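Results of the structural survey
Next come the chains, spelled out residue by residue.
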Amino acid sequence: MSTYLLLHGAWHSGQCWERVVPLLESAGHRVVAPSLTGHGDKAHLLGPEVGLDTHVDDVVRLITGEDLTDVVLVGHSYAGLVITSVVNEVPERIAHLVYLDAMVPEHGETAIDVIPMTQFLIDQAAGTATPWRIPPLPEMPPPAGLFGVTDPADQAWLRTMLSDEAIRCFQQPVRLNNPATTRIPRTHIECTVGAPPNRRPVAPVQPNGDPAQVWELPTGHDCMITMPAELADLLLKLG
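So, a few notes on the structure that sits alongside this text. Model, not experiment: these values are computed from the prediction. (Residues numbered from 1 in each chain as written. Predicted model: local features only at pLDDT ≥ 70, side-chain atom pairs only at ≥ 80, totals over all residues. Heavy atoms only, no water.)

If you trace the six strands from one edge of the open sheet to the other, you get β2-β1-β3-β4-β7-β8, paired in parallel fashion. Strands at the two margins of the open sheet, each flanked by one partner only, are β2 (30-32) and β8 (214-217). Strand-to-strand twist across the sheet, computed as the mean angle between neighbouring axes with direction ignored, equals 20°. Bridge count between strand β7 (residues 186-191) and β8: four bridges; the pairing is parallel. Within β8, the residue paired with E190 across the bridge is E216. Each of β1 (3-7), β3 (71-76) and β4 (94-100) is contacted by helix α3 (residues 79-89), which is oriented at about 145° to β3, the strand it contacts most. (Pairing = 2+ DSSP bridges. Helix = DSSP H or I, 4+ residues; strand = E, 2+ residues; numbered from the N terminus. Axes fitted to C-alpha atoms, helices over the stretch in contact; angles between N-to-C directions. Contact = heavy atoms within 4.5 Å.)

Written out as structure tokens, the structure is:
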């Protein structure tokens, strides 16, 4: 049995994994899909002090408090920053890192470094009454849709779990300076529909010396909503 720890991206909550969790559990694995501070059942905790470090602490406390080991740590989108700093803190507890259509930072980088457009969102917020928070991205014409979701029923469900993000989540730097992290294998799962043209290429060699492992899903960004079975099948290969 493996333990899958699934981390949602910015503006989302742990509820976004609802269609994937039972598929992994039915294969005999333990699955944990928390909401990070400021989201889901913790939405009331959102404040200007919440940042990337807050979310890293959320996850590290969960891993150590529940004594989770051999964890397949999955980070979607912004949570690529989170899992990178988490593995820096508790590398001995992580069996595999999965960057799911995610930001892939280097040590000391922020979300702004990985996706410079993030600064535009921060600048927009600066002119509002609450300059420390950024509302969810708006729905766009297909194929972009709402975070890559185009089905009206799925969009309606997704809207129920979206909430604002604190700008410090995008401004605080990642920590990846623990040499023990280099042994941990990585998998990158990229969503190909509506993919940004300036996505960072995955390095051909992993930090542990193995060839890069990059898989694709022919769907939009929120693949856990649009292709949950296909995503679960890929994740099960890593358990």
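On to the pairing of β3. Of all six residues making up β3, six are buried, and the element is well covered by its neighbours. Alternating residues of β3 divide into V71, L73 and G75 and V72, V74 and H76, and every residue in both groups is buried. As defined by bridge partners, β1 adjoins β3 across five bridges and the pair is classed as parallel. Paired with Y4 across the bridge in β3 is V72. (Buried < 20%, exposed > 50% of the residue type's maximum accessible area, 1.4 Å probe, protein only.)

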